[in-house]
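The lines below spell out each chain.
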Amino acid sequence: MKRVAIILPTYNESKNIEKLIGEIFNQQKKLKNWQLHVLVVDSNSPDGTSNLVKKTQSRYDNLHLLKTEKEGLGKAYIAGFTYVVNHLSPTVIFEMDADFSHSPSDIPFFLKEIEKGSDFVIGARYIKGGSIPKDWALHRKMFSIFGNLIVRFGLMKLSVTDWTSGFRAIKTWIVKDIAPQLSEYSGYVFQVALLDKAIKKGAKVAEIPIHFLDRKHGVSKINSFQYIIQTLFYVLTKSSFIKYVVVGLTGAVLDFGISYFLIEKLHWYLWIATLLSAECAIISNFLFNNFWSFSHKKIDSKFSLYVNKFLKFNTISAGALGIQAGGIELAGFLFGRKYWYIYKVLIIAFVIIPYSYILYNKVVWKEKK
Ligand code: GDD
Ligand code: MN
């Protein structure tokens, strides 16, 4: 039987922990191919959570306890990951809240998804069949929904709807690969970073619906302000989409600057200056995108491959130019030439940026499998 390690991080969960452990091990009877192990990672809870776990260990052979300092949820999970990888060699590792917000009876559904071939299964609240508590105050709902949308669109990984969910089943190879890169994310932002890096490693992600329930005992430990700031910072600095837009802007400035110099100072023909400056911008965009925006899927350093990808990049850029020229002519014909600059901005924002981003990802910087 393959092993599953369920990590429960706890800080003051004495009212929940024993009952939760019991309900998790109760799921074992539904599972033929999997052997459940539970690891409680307790950060020195003053309410005696760890003593209760120790007491409960006499009832369950597969119940493990790790005590850590209180350094945040991310740190607790990293310590838990290291422990289960070294001591239990599981095939799958779960993340799960220890306050009954996540239902143990969902565990078999995660494992079914793993059996179907997924590497990273998310318990998702915003897909059909999932939910957040109806009685949450409006600000809490907004916080959760908008937070997720910002991450989803900021990182431009639209297929995942629930980035911040803390109920997940992850294949161990992903955890082993990625955990060493996560030590800087000590708080709740750790969840976003782990998923983002897993996708970059080529993990096959699936979502299953869950009903997120409000805790009945104890209090939440989330520091919302810190969480928002750290998540925004993560998205702004790690998003290949945002970097790609920044590269596009630098390209536009370079294009304009070279044109200006060649036309105003050297008095070149307009068309030659335009061609040359546009090509310089294309080359610089290609290099910056390769070494910065898409550095996680950098082109292999073989020269012929470089040339091949660069030609593709050039073709896509030429296509963008064609779309822009055609679009602006059409809009001018339909709505009058006077507002050409508005058409230009709209076409770039809503057509060219998505068009190029999608093609760069599909043709030039393909996901490594
Ligand atoms: N060991 C340890 N150390 N555990 C911790 C710490 C810590 O510093 N901080 C929180 N926990 C444990 C809690 O005891 C609980 O079992 C679990 O982590 C989740 O913490 P809550 O305090 O209940 O978080 P929440 O309900 O406000 O946050 C929910 O939303 C987050 C963002 O969407 C949870 O579902 C999180 O998992 C989720 O990331
Ligand atoms: Mn909670």
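Residues numbered from 1 in each chain as written. Chains lettered and ligands numbered in written order. Predicted model: local features only at pLDDT ≥ 70, side-chain atom pairs only at ≥ 80, totals over all residues. Heavy atoms only, no water.

Q: Is there a simple way to think about the UniProt feature "transmembrane region" (unreviewed entry) in the chain in this case?
A: Here the UniProt-annotated "transmembrane region" (unreviewed entry) positions come out as residues 241-262, 268-292, 313-335 and 341-360. For residues 268-292, helix accounts for 92% and strand for 0%, while the C-alpha atoms at its two ends are 33 Å apart. (UniProt positions renumbered as here; feature names shortened; annotations may be inferred. Helix = DSSP H or I, 4+ residues; strand = E, 2+ residues; numbered from the N terminus.)

Q: What exactly am I supposed to notice about the UniProt feature "domain: GtrA/DPMS transmembrane" (unreviewed entry) in the chain here?
A: In the numbering adopted here, UniProt assigns the feature "domain: GtrA/DPMS transmembrane" (unreviewed entry) to residues 243-365. Helix makes up 85% of residues 243-365 and strand 0%, and the two end C-alpha atoms of the span are 14 Å apart.

Q: What is the right way to look at the packing of helix α3 (residues 73-87) against helix α7 (residues 190-200) in this model?
A: Two measures define how a pair of helices packs: the angle their axes make with one another and the distance between the axes. Contact pair α3 / α7: the axes reach a minimum separation of 9 Å and the direction vectors enclose 50 degrees. The orientation of α3 with respect to α7, classified from their angle, is oblique. Residues Leu73, Gly74, Tyr77, Ile78 and Phe81 of α3 form the contact with α7, whose participating residues are Phe190, Gln191 and Leu194. Looking at the contact of α3 with α7, its residues break down into six nonpolar, two polar and no charged. (Axes fitted to C-alpha atoms, helices over the stretch in contact; angles between N-to-C directions. Parallel < 35°, antiparallel > 145°, perpendicular 65-115°, else oblique. Contact = heavy atoms within 4.5 Å. Nonpolar A, V, L, I, M, F, W, Y, C, P; charged D, E, K, R; others polar.)

Q: Would you take a moment to explain the domain arrangement of the chain for this structure?
A: How big an interface is tends to be stated in terms of the accessible area lost upon association of its parts. Entries for the chain in the domain assignment read domain 1 (2-236) and domain 2 (240-364). The C-alpha centroid of domain 2 is placed 42 Å from the C-alpha centroid of domain 1. Contact with domain 1, which involves seven residues of that partner, is made by four residues of domain 2. With both sides pooled, the region where domain 1 packs onto domain 2 buries about 510 Å², and carbon together with sulfur makes up 69% of that total. Linking domain 1 with domain 2 are zero salt bridges, by the criterion used here. Here domain 1 and domain 2 share zero residue pairs in polar contact (both at pLDDT 80 or more) between them. Class assignment of the residues belonging to the side of domain 1 that touches domain 2 gives a composition of five nonpolar, one polar and one charged. (Domains from an automatic or database assignment. Buried area = accessible area lost by both parts, 1.4 Å probe. Salt bridge = Lys/Arg side-chain N within 4 Å of Asp/Glu carboxyl O. Polar contact = N/O pair within 3.5 Å; in protein donor to acceptor, adjacent residues only side chain to side chain.)

Q: Teacher, can you tell me more about the pattern of salt bridges here?
A: One side chain can pair with another of opposite charge once the charged atoms of both are near each other. In the structure shown here, the tally under the stated rule is 13 salt bridges. Asp99 is the partner of Arg215 in a salt bridge, and the nearest nitrogen-oxygen pair spans 3.2 Å. Taken together, the residues span a long stretch of sequence, with Arg215 in the loop between β7 (205-209) and α8 (224-238) and Asp99 in the loop between β4 (92-95) and α4 (107-115) at a distance of 116 residues. Judged by its relative accessible area of 8%, Asp99 is buried. (Buried < 20%, exposed > 50% of the residue type's maximum accessible area, 1.4 Å probe, protein only.)

Q: What is the right way to read the nonpolar core from this model?
A: With 38 residues, the main nonpolar core has Phe81, Val84, Phe120, Trp163, Leu182, Phe190 and Leu194 as its most contacted residues. Elements that contribute at least two residues to this core include exactly β1 (2-10), β2 (34-42), α3, β5 (120-124), α6 (172-178), α7 and α8. When sequence neighbours within four positions are dropped, the list of residues in contact with Leu182 reads Ile78, Phe190, Ala193, Leu194 and Lys197. Grouped together as the second largest cluster of nonpolar side chains are 32 residues, Trp34, Leu36, Leu65 and Ile107 included. (Core = buried A, V, L, I, M, F, W, Y, C linked by side-chain atoms within 4.5 Å.)

Q: Explain the site of ligand 1 here, please?
A: Around ligand 1, a shell composed of 25 residues is seen, among which Glu13, Asp97, Arg215, Ser220 and Lys221 lie nearest. In this structure, a nitrogen atom belonging to ligand 1 sits 2.8 Å away from a side-chain N or O atom of Ser43. Arg215 is positioned such that a nitrogen or oxygen atom in its side chain is 2.8 Å from an oxygen atom of ligand 1. For ligand 1, the accessible surface in isolation is 730 Å², of which the surrounding protein chains cover 96%. Going through the elements one at a time, β1 and α3 are the ones with two or more residues in the shell around ligand 1. Considered class by class, the residues forming the shell around ligand 1 number 10 nonpolar, eight polar and seven charged. (Near = heavy atom within 4 Å. Areas by Shrake-Rupley, 256 points an atom, 1.4 Å probe, with all protein chains shown as cover.)

Q: I keep staring at the sheet that holds strand β6 (residues 168-171) and nothing clicks. Help me out?
A: Within a beta sheet, neighbouring strands are joined by backbone hydrogen bonds and run either parallel or antiparallel to one another. The strand order β3-β2-β1-β4-β6-β5-β7 describes an open sheet built from seven strands, whose pairing is mixed. Only two strands of the sheet have a single partner each, and these edge strands are β3 (63-67) and β7. Looking at each pair of strands side by side, their axes are set apart by 20 degrees on average, direction ignored. As judged from the three bridges shared by β5 and β6, these two strands associate in the antiparallel manner. Note on β6: the bridge partner recorded for Ile122 is Arg168. Strand contacts of α7: β4, β5, β6 and β7, with the helix running at about 40 degrees to β6, the strand carrying the most contacts. (Pairing = 2+ DSSP bridges.)

Q: Would you explain the side chain of Asn314 in this entry?
A: As for its position among the elements, Asn314 is in helix α11 (residues 303-335). For Asn314, a relative accessible area of 17% puts it in the buried group. Dropping the residues within four chain positions of it, Asn314 is found in contact with Glu279 and Ile282.

Q: I tried to follow the packing of aromatic side chains on my own but got confused; where do I start?
A: Any aromatic ring pair is given by two values, namely how distant the centres are and how the planes are angled relative to each other. For the coordinates displayed, the defined rule picks out 26 aromatic pairs. Ring geometry for Tyr185 and Tyr234: centres 5.5 Å apart, planes at 75 degrees, overall edge-to-face. Of this pair, Tyr185 sits in the loop between α6 and α7 while Tyr234 sits in helix α8, and the two are 49 residues apart along the sequence. For Tyr234, a relative accessible area of 2% translates into the label buried. Ring plane angle 90 degrees and centroid distance 5.7 Å describe the contact between Trp340 and Tyr341, whose orientation is recorded as edge-to-face. Put simply, the rings of Phe241, Tyr244, Phe286, Phe294, Tyr306, Phe310, Phe313, Tyr357, Tyr360 and Trp365 touch in pairs and so form one group of aromatic residues. (Phe/Tyr/Trp six-rings, centres within 6.5 Å; stacked < 30°, edge-to-face > 60°.)

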